Amino acid sequence: MNCDIVLVGVGGQGVLTIGDLLLRAAFQADIPASYAPTKGMAQRGGFVLAELRLGREAVGPRIPMRGADLVVGMERSETLRGLRFARAQGTVLLFDHVWEPTGVMLGADAYPVRDEVAKQIRAVAGRLILLDPADLPRVDGEQVSPNVYVLGAMLSVSPLREAVPKDAVERVLAERWPKRVAANLAALRAGLARSAGETER
Amino acid sequence: MGGRSAEVPRRIVTGNEAVAWGALRAGVRVVTGYPGTPSTGCVEQLLSMDLPDRHVEWSTNEKVAFEIAAGAAWAGHRALCAMKMTGLNVAYDALISIAYSGTNGGLVVYVADDPGVSAGMAEQDSRGFARMSCLPMLEPASPAEAYALVQTAFELSEAVGSPVFLRSTTAVALTHTALEIDEPRPPRAIEPILERDIARYTKAGAAICQAQHRDLLARLDRAEAWLREKRLNRVAPAPRPGGLGVLAVGAVSACLYEALEAFADEVSILKAEASVPFPAEEAKKLLEHCTTILVLEELDPYAERDLRALAQRIGWPGRIVGKQDGILARTGECSVDDIVRGLQVAVGAVPEPREAVPDREAEGGATAAPRPITVCAGCPHRGTYLAIEAAIEKAGFAKDEVMVTGDIGCTILGMNPPFDLLRNEVSMGSSVGIAQGYAHAGLKAPVIATIGDSTFFHGGIPGLVNAIQHRVPLTLVVLDNGWTAMTGMQVNPGTADAHQAGGRRVDLERVLRGLGPNRVLVVDPYDLEATTDALAESLGHPEDVNVVLAQRECAIQARRRGAVAGRVAVDPEKCVLCKRCLQITGCPALGVSTARAVDTNGELRGGIGGSPHRARIVVDPALCNGCGLCVSFCPTSALSKEVDA
């Protein structure tokens, strides 16, 4: 099963880590994959975009406009910059975190409200899965990592669900952070359950 | 995926890393380079490995890097030199001369172009350099091809005695994929070649140079024959003649097959893995088999021009579709969508208007908030920019009267809000030369040049020497954070001894003093007052060559070592939300509690105190590096810097 994914967000949110984990899971499961992260210039706080192509051998790393099966936005405003990639029958997964740029905090620039962004997503893509950061679960009193939660939510979405086996992702997670296995698995499963629930609505 | 050998380990690598692994497999002995996106990962990979029988380094600049590689190759070893496209401009002076002399050991120049400009700088097409110096150039379309072609490049280099270019682009260099990577081979155990042959290794006289020129052209001819024999440029003709042919050069061929998935017509394809010399024999076959040719290449239409010239020479009557007829763009990456459009035009299908990228503003929907990048929290450059602004004011000038030139690297972020200070960015070290031009132009206010430490070592020193010799009045601010930071923290001549891996630190302050400007003032940019005073003193001597050296290690690197300067705390009772701290510093660690109530971990930022809902400034402890610059701008003393004992 082929799956083309575009990830957008702000540097420091773990956007590139999601792509890297999926790439490694695909590698372990022997699935052809290419992963092209384009970072902003700043260490943190700049726009980040990454393209992940799963299941196909002989393609370039760039996903055509309106060609992505899944667009994942980790930040409300930056998600808008990923929408040009969304396929009409595709899914946009919005983790509705708000990270206002300084210009917005100073009142110089406008920041989009949630409903506007959701409306715009619905105009281009078949399906919107909206995750509220307030719903992030806690494990042992600590908030779980948002990017692992989002990664879990992604895993319920077809065709990623069919493209990469969940246990490969779990293995890669455990290898990456051996000291946080329980918390990360909980985050992953919570995300997965949350978006799977969305499907049934 | 069949046929995979069980013994060969697979790894996830980028195109850059694939070049590094391929060079190891080819038995490379010396690898040099200068960091620059998108090429950096090649030398980075090798520096992360324990390679006792090889020499790998970040050199002072690309010209030095290439000269080192060439010297090793003249002595008979295999050598690789890596750089971004603009680095090739720097190396080129040495490179074209060495091209005339040829090489003994394999000498490969790895250059990464950036069509689409992911990282700033001119969108240049490095194939022009290969053509001008008559050196072969190979062009991988994927990390797998990069791994194979760097090995081919070494073989070709030795087979014809010529340096060889390996050119990748961002889409190849930065893409991660899984590859089978063979065991590295050790460098050959040879006695170094120590030749005296002035006819080959010098440019002493017309007879020598012209003979070298003829030799150079002969080597390129031999390269063409060698490439043909190795079948690097392959024609796959469609079963029936008379249809559409595609000439695809380098990275675009990765997109071609995807574009052809939805294309019904049979297509003949010439996939060129070598762009210089032009694969004329193979192109002739393609022309003779087809009636229309679509030429796919990124940036300049070099292959298209060669193909049109060939078609004219052999009297081919068909049609060539490409950039010279305006069908395809001369800028940016070539996408699958571009190729589909080219194919449609080439077969005479009504050229469908290209599906427009949705324009948010035109649709009246929400637009993404602008997010200009700024320096990191705790960046020492923030202090220097703020001090330059304060010193300009103190010296009695308005900011808009003063020319402040900028240079390459993190220091250029002074062009962005909230500083809006720097007015230009040219090339490594150019801030110093451009400033002198403005100094001669009769400006009423002093001229200030800004440059980072690595950029100064790379290309800024000659400019300062010139200013001193000609007594050009200016103030040069060297922002020394001890690292080549923008490209991902590489070691440079000024980096501390502890990180020099067998090398040693070059003392930047002594270099500056040794050159002999009228004054050199050394400051800590976290000390805003002292930095402002030093700059004001310099601006107070408008007839002198002044240098201010602002020294403080990059906050990101300091933090990675566990050295954080302190922590900034907010007293929620005192904060009146005037936002001066935010407005003046633009620090990404500062926020407003209502706006950024939930951090990336879902928790309320800052200490809650008794009134979680009252809006106020908050400091993100995950970002704050404790420079304390914001503290000095708080009118109500709500911000305070705490230093761990």
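Chains are numbered independently. Their residues run from 1 in the order of the written sequence. A letter from A marks each chain and a number from 1 marks each ligand, given out in the order of writing. Restriction of local features to residues with pLDDT of at least 70 applies here, the model being predicted, together with a cutoff of 80 or more for giving and counting side-chain atom pairs; totals for whole chains, interfaces and linings are based on all residues.

Attention now moves to the sheet that holds strand β1 (residues 10-14) of chain B. Adjacent strands of a sheet pair through backbone hydrogen bonds, lying either parallel or antiparallel. Two strands make a pair as long as DSSP finds a minimum of two bridges between them. Helix and strand assignments come from DSSP, with helices taken as H or I runs of at least 4 residues and strands as E runs of at least 2, each series counted from the N terminus. Spatial ordering of the open sheet is given by β6(A)-β5(A)-β4(A)-β1(A)-β3(A)-β2(A)-β8(B)-β1(B), a layout of 8 strands whose pairing is mixed. The open sheet has two free edges, formed respectively by β6 (127-131) of chain A together with β1 of chain B, since each of these has just one partner strand. Neighbouring strand axes in the sheet, compared pairwise and without regard to direction, differ in orientation by 20° on average. Bridge analysis of β1 of chain B against strand β8 (residues 176-180) of chain B gives 5 bridges, and the strand direction is antiparallel. By the bridge assignment for β8 of chain B, Thr14 of chain B is matched with His176 of chain B. Strands β4 (68-73), β5 (86-95) and β6 of chain A of the sheet are contacted by helix α5 (residues 146-155) of chain A, whose axis makes an angle of about 150° with β5 of chain A. Axes, fitted as lines to C-alpha atoms, cover a helix only where it is in contact. Angles between the N-to-C directions of the axes lie from 0 to 180 degrees. It is the C-beta atoms, placed from the backbone, that decide contacts: two residues are in contact if theirs lie within 7 Å.

On to the packing of helix α1 (residues 15-25) of chain B against helix α6 (residues 143-160) of chain B. Axis angle and axis distance: for two packed helices, these are the angle between their axes and the distance between the axes, and together they describe the pair. Residue and element names in this part refer to chain B. At a minimum axis separation of 8 Å, α1 and α6 run at an interaxial angle of 30°. The pairing of α1 with α6 is recorded here as roughly parallel in orientation. As α1 packs across α6, the resulting crossing turns out to be right-handed. Contacts between α1 and α6 involve Gly15, Ala18, Val19, Trp21, Gly22, Ala23 and Arg25 from the first element and Pro143, Ala146, Tyr147, Ala148, Val150 and Gln151 from the second. Orientation is classified from the angle alone, with under 35 degrees giving roughly parallel, over 145 giving roughly antiparallel, 65 to 115 giving roughly perpendicular, and any other angle giving oblique. Helix crossings get a hand from a simple test, with the near helix turned counterclockwise from the far one by less than a right angle marking a left-handed crossing and a clockwise turn marking a right-handed one.

Opposite the 48 residues of chain B that make contact, chain A presents 52 residues. Elements with a minimum of two residues in the side of chain B that touches chain A: β8, α10 (253-260), α13 (336-346), α21 (580-585) and β21 (590-592) of chain B. Looking at the side of chain B that touches chain A element by element, the count peaks at 4 residues for α10 of chain B. Of the residues belonging to the side of chain B that touches chain A, the class tally is 25 nonpolar, 14 polar and 9 charged. Of the strand pairs in this sheet, strand β2 (residues 33-38) of chain A and β8 of chain B are connected by 2 bridges, and their pairing is antiparallel. Looking across to β8 of chain B, one finds that Ser34 of chain A is bridged to Thr177 of chain B. Ten residues, namely Ala, Val, Leu, Ile, Met, Phe, Trp, Tyr, Cys and Pro, are considered nonpolar, four, namely Asp, Glu, Lys and Arg, are considered charged, and the remaining ones, Gly among them, are considered polar.

A separate point is the pairing of strand β5 (residues 107-113) of chain B. All names here are of chain B. Among the 7 residues of β5, 7 are classified as buried, and the element is accordingly described as predominantly covered. Counts of 20 or more other C-beta atoms within 10 Å of a residue's own C-beta define buried residues, counts of 12 or fewer define exposed ones, and intermediate counts define partly exposed ones; C-beta atoms are placed from the backbone. Of the two faces of β5, the one holding Leu107, Val109, Val111 and Asp113 and the one holding Val108, Tyr110 and Ala112 are both buried throughout. Note: strand β4 (residues 79-84) against β5, 6 bridges, orientation parallel. Along β5, the bridge assignment pairs Ala82 with Tyr110. Clockwise travel from the first strand over the helix to the second, with the strands pointing away from the viewer, marks a crossover as right-handed. Following the backbone out of β4, through helix α4 (residues 85-101) and into the adjacent parallel β5, one traces a crossover that is right-handed. Note that β5 and strand β7 (residues 164-169) share 6 bridges and pair parallel. Opposite Val108, over in β7, you have Val164 as the bridge partner.

Turning to the packing of helix α16 (residues 430-439) of chain B against helix α17 (residues 453-469) of chain B, a few remarks are in order. Residue and element names in this part refer to chain B. Where α16 contacts α17, the axes come no closer than 7 Å and their chain directions differ by 30°. The orientation of α16 with respect to α17, classified from their angle, is roughly parallel. In contact with Val432, Gly433 and Gln436 of α16, α17 contributes Gly460, Gly463, Leu464, Asn466 and Ala467. Here the contact of α16 with α17 is composed, by residue class, of 3 nonpolar, 5 polar and no charged.

What follows deals with the environment of Ala280 of chain B. Residues and elements named next belong to chain B. Assignment of secondary structure puts Ala280 in helix α11 (residues 280-289). Given 17 C-beta atoms within 10 Å, Ala280 falls into the partly exposed group. Each C-alpha atom, one on Ala280 and one on Arg54, is 38 Å from the other, the two residues being 226 residues apart in sequence.

To continue, consider the nonpolar core. What makes a nonpolar core is a set of buried Ala, Val, Leu, Ile, Met, Phe, Trp, Tyr and Cys residues, with links drawn between C-beta atoms within 7 Å. Grouped together as the largest cluster of nonpolar side chains are 264 residues, with contacts concentrated most on Ala69, Val150, Leu247 and Leu296 of chain B. In terms of residues, this core owes the most to one element, helix α1 (residues 15-28) of chain A, which gives 9 residues. The contact partners of Val150 of chain B, leaving out residues within four places of it in the chain, are Val19, Gly22, Ala23, Ala26, Val108 and Leu166 of chain B.

Residues and elements named next belong to chain B. As used throughout, domain bounds are those supplied by an automatic or database domain assignment. Segmenting chain B into domains produces domain 1 (10-229), domain 2 (233-346), domain 3 (380-560) and domain 4 (566-645). On a C-alpha basis, the centres of domain 1 and domain 2 stand 27 Å from each other. Contacts between the two partners involve 26 residues from domain 1 and, on the opposite side, 19 residues from domain 2. In terms of residues, the side of domain 1 that touches domain 2 owes the most to one element, helix α9 (residues 206-229), which gives 5 residues. In terms of residue class, the side of domain 1 that touches domain 2 is built from 13 nonpolar, 4 polar and 9 charged.

Between Ser158 of chain A and Pro159 of chain A the backbone carries a cis peptide bond, its omega angle lying at 10°. Looking at the secondary structure, you find Pro159 of chain A in the loop between α5 and α6 (160-163). Look at the link from Pro417 of chain B to Pro418 of chain B: it is a cis peptide, with omega at 0°. The residue Met489 of chain B is not glycine, and still its phi comes out positive at about 70°. As for its placement among the helices and strands, Met489 of chain B is situated in the loop between β17 (474-480) and α18 (508-515).

With that settled, consider the sheet that holds strand β19 (residues 545-551) of chain B. Residue and element names in this part refer to chain B. With respect to topology, 5 strands assemble into an open sheet ordered β15-β16-β17-β19-β18, the strand pairing being parallel. A single partner strand is all that each edge strand has here, and the edge strands are β15 (403-405) and β18 (519-523). Here the average twist between neighbouring strands, direction ignored, is 20°. Across 5 bridges, strand β16 (residues 447-452) lies against β17 in parallel orientation. From the neighbouring strand, Ile451 faces β17, where its bridge partner is Val478. The sheet contacts of α17 involve β16, β17 and β19, and relative to β16 the element is tilted by about 150°.

Bringing the confidence of the model for chain B into the picture now. All names here are of chain B. Confidence of the prediction at every residue is given by pLDDT, a number between 0 and 100. In the predicted model, chain B carries a mean pLDDT of 93, and 93% of its residues have values of at least 70. Predicted confidence is poor over residues 356-362, with pLDDT under 50, and the contacts of this stretch with residues over four places away or in other chains come to 11 contacts. Taken as a whole, residues 595-612 scores under 50 in pLDDT and shows 33 contacts with residues more than four places along the chain or in a different chain. For this predicted complex, the interface confidence score (ipTM) comes to 0.96, while the overall pTM stands at 0.95.

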